[in-house]
Amino acid sequence: MMNTLIEVRDLSKTFTLHQQNGVVLNVLRGVDFSVQGGECLVLHGQSGAGKSTLLRTLYGNYLPAGGSIRICHDGQWLELVGAQPRDILQVRQQTLGYVSQFLRVIPRVACLDVVMEPALARGWPKPQAQARAEHLLARLNIPQRLWQLAPGTFSGGEQQRVNIARGFMVAWPVMLLDEPTASLDDSNRQVVLELMNEAKAGGAALIGIFHDRAAREAVADRHLDMTPAHQAEEEYAHAR
Amino acid sequence: MSQPLLQVRDLSLLYGPQKGCQGVSFDLYPGEVLGIVGESGSGKSTLLSLLSGRLPPQAGSIGYRSKEGEWLDLYSASEAERRTLLRTEWGFVEQNPRDGLRMGVSAGANIGERLMAQGVRNYQQLRGAGLDWLSQVEIDPQRIDDLPRTFSGGMQQRLQIARNLVSSPRLVFMDEPTGGLDVSVQARLLDLLRGLVRELDLAVVIVTHDLAVARLLADRLMVMRRSRVVETGLTDQILDDPQHPYSQLLVSSVLQP
């Protein structure tokens, strides 16, 4: 168990839809895994198996119903299930990164500032942050004339790449990746794969969803099967 | 980490059954932005008045840790102590800038007032602070001698923010700060507030019914309904995975929060 950076035990997530007659959806149940530094765990399963829900639950965006998520933060193990908001914010600033396909655009904030933000939040000097952000934007083929503009008007693909640049701005020990390569052209997909492999080589633990097989084969070390076949039957029995 | 700035315990003030607020407890830390959301009449503004020392509670306590590191029990302190706090280490941004500004004196005098109350008498220093803060809130410094009533609504709101921040407060209360503004002006003000909050490491309690504003500014949220806090948590968790039936209703009732 050397160098384990995140450890998940018996994690469950339910949604209770109070506005829809209190329907309860059991999306995750008994999820167990751990990931070491330099390793990439790929979540496997059909659409609706709960892959994105798992990533969002790990990030603290969704509230777990039960179980444990322990993460190595600042040299110590921290339990994220039931943690205080400010502890989760600390973990997000220093330890846990999340790259989704979609950029949440803030009006008036320039592309370069969006990308630099995670580094500035960690207290990097601005010139250093800007140099790194420019390097990433250039690598991801965002034209220089766009760097000072707010990404609200960019194309979907450009916004996605801005978001990826932001995601790789600092070295997060644990990274969650929700289809970072989806709908990118070959050359940009190649850049993202390189960035992920560089993060692994730098000792990061990666947990990701990749529908695209080539991407999976390029970075995956292990798979977590999330197919809920037997669970679904059991749930149906309960419902009756 | 550090100690809280504000410790609120079991705070209540009821005007009638479920009118006002009751049983509110939380800690606020330096640099933390707490959003209070809920429909009108849920008790958000009453809570803000209690927290900011404007209205004594029927029960409960508020402890504030001063710059010197001493704990002050807000409602056992004297009226004078509370007023001093409100003019120095605290700020309050009203929804309507006319309630927070002195409309009969110039923009520069509005900004200088808190500094004068702290004993600054040097004209050049006051003028310098006025010019500096006008440009920080993106108002042309040449307008320093103009009356606030000649300003647009968005400029008045930014002037009110400058007037509050000039004394380097540690804690600022805001009541629907973008409420009365056009959407185009709102974005600019929000961006400005975000920047200032981070630069100055301000602790903020912000009341808003606009969940998009809450998402942009707040680290965590309290959802109020009928005088009680029904849910608290990380902002994006409350907005993306609300637990309480009322929070779910609130989040699902708006277009793309």
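Remember, predicted model here, so these are calculated numbers, not experimental data.

**Here we look at the overall build of chain A**
Right, on to step 1. When you go through chain A residue by residue, the secondary structure sums to eight helices and nine strands.
Right, on to step 2. In terms of overall size, chain A behaves like a compact globule, its C-alpha atoms giving a radius of gyration of 19 Å where 240 residues would be expected to give roughly 18 Å.
Right, on to step 3. Its C-alpha atoms give chain A principal-axis dimensions of about 60 × 40 × 35 Å.
Right, on to step 4. Expressed as a percentage of the 240 residues in chain A, the buried residues total 49%.
Right, on to step 5. Intrachain contacts of chain A at a sequence separation of at least 6 include 69% that bridge at least 24 residues.
Right, on to step 6. Summed over all atoms, the accessible surface of chain A reaches about 11,400 Å², with 48% contributed by carbon and sulfur.

**Brief notes about the packing of aromatic side chains**
Right, on to step 1. Throughout the structure, instances matching the rule amount to five aromatic pairs over all chains.
Right, on to step 2. Between Phe15(A) and Tyr62(A), the aromatic rings sit 5.2 Å apart at their centres with planes inclined by 90°, giving edge-to-face as the arrangement. Here Phe15(A), found in strand S1 (residues 4–17), pairs with Tyr62(A), found in the loop between helix H1 (51–59) and strand S4 (66–73); they are 47 residues apart in sequence, far enough to count as distant.
Right, on to step 3. Exposure remark for Tyr62(A): the relative accessible area of 13% places this residue in the buried category.
Right, on to step 4. Ring centres of Tyr59(A) and Tyr98(A) lie 4.9 Å apart, and the angle between their planes is 25°; on these two criteria the pair is classed as stacked. Here Tyr59(A), found in helix H1, pairs with Tyr98(A), found in strand S6 (residues 96–99); they are 39 residues apart in sequence, far enough to count as distant.
Right, on to step 5. If you follow Lys13(A) out to its NZ or CZ, it ends over the ring of Phe15(A), 4.5 Å from the centre.
Right, on to step 6. Between the NZ or CZ atom of Arg86(A) and the centre of the ring of Tyr29(B), over which it lies, the distance is 3.3 Å.

**So, the sheet that holds strand S10 (residues 228–234) of chain B**
All names here are of chain B.
Right, on to step 1. Here we have six strands laid out as an open sheet, ordered S6-S7-S8-S3-S9-S10, and mixed in their pairing. Since the sheet does not close on itself, it has two edges, and those belong to strand S6 (90–93) and S10, each with one partner. In this sheet, neighbouring strand axes are inclined to one another by 15° on average, regardless of whether the strands run parallel or antiparallel.
Right, on to step 2. Pairing analysis gives five bridges linking strand S7 (residues 171–175) to strand S8 (residues 203–207), with the strands arranged parallel. Within the sheet, the bridge partner assigned to Asp175 lies in S8 and is Val207.
Right, on to step 3. In this fold helix H10 (residues 245–252) packs onto strand S3 (33–37), strand S9 (220–225) and S10, with an angle of close to 105° to the strand it touches most, S9.

**Brief notes about the interface of chain B and chain A**
Right, on to step 1. At the junction of the two partners, chain B supplies 27 residues and chain A supplies 23 residues.
Right, on to step 2. A buried area of about 2,100 Å², summed over both sides, lies between chain B and chain A, and 52% of it is on carbon and sulfur atoms.
Right, on to step 3. Broken down residue by residue, the surface that chain B buries against chain A is led by Leu234(B), Asp241(B) and Gln248(B), which jointly contribute 23%.
Right, on to step 4. Inspection of the region where chain B meets chain A yields six salt bridges.
Right, on to step 5. Arg194(B) is the partner of Glu117(A) in a salt bridge, and the nearest nitrogen-oxygen pair spans 3.3 Å.

**Notes on the UniProt feature "domain: ABC transporter" (unreviewed entry) in chain B**
Right, on to step 1. Here the UniProt-annotated "domain: ABC transporter" (unreviewed entry) positions come out as residues 6–251 of chain B.
Right, on to step 2. Segment residues 6–251 of chain B splits into 39% helix and 26% strand. End C-alpha atoms: 28 Å apart.

**Structural notes on the nonpolar core**
Right, on to step 1. By size, the foremost hydrophobic cluster in this structure holds 46 residues, and its most contacted members are Trp133(B) and Leu159(B).
Right, on to step 2. By size, the runner-up hydrophobic cluster in this structure holds 42 residues, among which are Ile106(A), Val115(A), Ala119(A) and Leu184(A).

**Topic: the pattern of salt bridges**
Residues and elements named next belong to chain A.
Right, on to step 1. A full pass over the atoms with the stated rule returns 28 salt bridges over all chains.
Right, on to step 2. Across the pair Arg70 and Glu7 runs a salt bridge, and its minimum N-O distance is 3.6 Å. With Arg70 in strand S4 and Glu7 in strand S1, the pair connects residues that are 63 residues apart, well separated along the chain.
Right, on to step 3. On the basis of relative accessible area, Arg70 is assigned to the partly exposed category, the value being 30%.

**Section: the packing of helix H6 (residues 153–165) of chain B against helix H7 (residues 183–200) of chain B**
Residues and elements named next belong to chain B.
Right, on to step 1. In contact at an axis separation of 10 Å, H6 and H7 are set at 10° when each is read in the N-to-C sense. Compared by their axis directions, H6 and H7 come out roughly parallel. In the packing of H6 onto H7, the handedness of the crossing is right-handed. Only Val185, Arg188, Leu189, Leu192, Leu193, Leu196 and Leu200 of H7 make contact with H6, whose side of the interface consists of Gly154, Gln157, Arg158, Ile161 and Leu165.

**Here we look at the state of the cysteines**
Right, on to step 1. Enumeration according to the criterion identifies zero disulfides over all chains in this entry.
Right, on to step 2. Considering cysteine sulfurs only, Cys72(A) is the nearest to Cys40(A), which forms no disulfide, with 19 Å between them.

**Some thoughts on helix H5 (residues 123–136) of chain B**
It helps to recall that an α-helix has 3.6 residues per turn; residues three or four apart then point in one direction.
Residue and element names in this part refer to chain B.
Right, on to step 1. Between its first and last C-alpha, H5 extends 20 Å over 14 residues, near the 20 Å set by a 1.5 Å rise per residue.
Right, on to step 2. Of the positions making up H5, those classed as buried are Leu126, Ala129, Gly130, Trp133 and Leu134. Seen from one end, H5 has its buried residues packed into an arc of 130°, which puts them on one side.
Right, on to step 3. Contacts made by the buried residues of H5 are with helix H4 (107–117), H6 and H7.
Right, on to step 4. Regarding H5, its N-cap is Asn122, as a side-chain oxygen of that residue lies 2.8 Å from the backbone nitrogen of Gln124 further along.
Right, on to step 5. Residue Glu138 follows H5 closely and has a positive phi angle near 60°.

**Brief notes about the sheet that holds strand S3 (residues 40–44) of chain A**
Residues and elements named next belong to chain A.
Right, on to step 1. The five strands lie next to each other as S6-S7-S8-S3-S9, forming an open sheet whose pairing is parallel. One side of each edge strand has no neighbouring strand; the edge strands of this open sheet are S6 and strand S9 (222–225). Put simply, the sheet's adjacent strands are angled 20° from each other on average, direction ignored.
Right, on to step 2. One ladder, built from three bridges, connects S3 with strand S8 (residues 205–209); its direction is parallel. Its bridge partner being in S8, Leu41 is matched across the sheet by Ile207.
Right, on to step 3. Across the sheet, helix H6 (residues 186–201) touches S3, strand S7 (174–178) and S8, and the angle it forms with S8 is around 150°.

**What to know about the confidence of the model for chain A**
Interpreting fine coordinate detail is not advised for predicted regions of low pLDDT.
Right, on to step 1. The share of residues in chain A with pLDDT of 70 or more is 94%, and the mean pLDDT across the chain is 91.
Right, on to step 2. This stretch, residues 232–240 of chain A, has a pLDDT under 50; its non-local contacts, to residues over four places away or in other chains, come to three contacts.

**Things to note about unusual backbone geometry**
Residues and elements named next belong to chain B.
Right, on to step 1. Phi is positive for Glu138, close to 60°, though the residue is something other than glycine.
Right, on to step 2. Looking at the element boundaries, Glu138 is found in the loop between H5 and H6.
Right, on to step 3. Accessibility expressed as a relative area gives 32% for Glu138, which makes it partly exposed.
Right, on to step 4. For Arg226, which is not glycine, the phi torsion reads 45° and is therefore positive.
Right, on to step 5. Inspection of the secondary structure assignment puts Arg226 in the loop between S9 and S10.

Rules used throughout
- Residues numbered from 1 in each chain as written.
- Chains lettered and ligands numbered in written order.
- Predicted model: local features only at pLDDT ≥ 70, side-chain atom pairs only at ≥ 80, totals over all residues.
- Heavy atoms only, no water.
- Helix = DSSP H or I, 4+ residues; strand = E, 2+ residues; numbered from the N terminus.
- Rg over C-alpha atoms; globule rule 2.2 N^0.38 Å.
- Buried < 20%, exposed > 50% of the residue type's maximum accessible area, 1.4 Å probe, protein only.
- Contact = heavy atoms within 4.5 Å.
- Areas by Shrake-Rupley, 256 points an atom, 1.4 Å probe, with all protein chains shown as cover.
- Phe/Tyr/Trp six-rings, centres within 6.5 Å; stacked < 30°, edge-to-face > 60°.
- Lys NZ or Arg CZ within 6 Å of the ring centre and 35° of its normal.
- Pairing = 2+ DSSP bridges.
- Axes fitted to C-alpha atoms, helices over the stretch in contact; angles between N-to-C directions.
- Buried area = accessible area lost by both parts, 1.4 Å probe.
- Salt bridge = Lys/Arg side-chain N within 4 Å of Asp/Glu carboxyl O.
- UniProt positions renumbered as here; feature names shortened; annotations may be inferred.
- Core = buried A, V, L, I, M, F, W, Y, C linked by side-chain atoms within 4.5 Å.
- Parallel < 35°, antiparallel > 145°, perpendicular 65-115°, else oblique.
- Left-handed = near helix turned anticlockwise from the far one by under 90°.
- Disulfide = S-S within 2.5 Å.
- Expected span 1.5 Å × (residues − 1).
- Arc of directions from axis to C-beta.
- Polar contact = N/O pair within 3.5 Å; in protein donor to acceptor, adjacent residues only side chain to side chain.
- pLDDT = per-residue confidence, 0-100.

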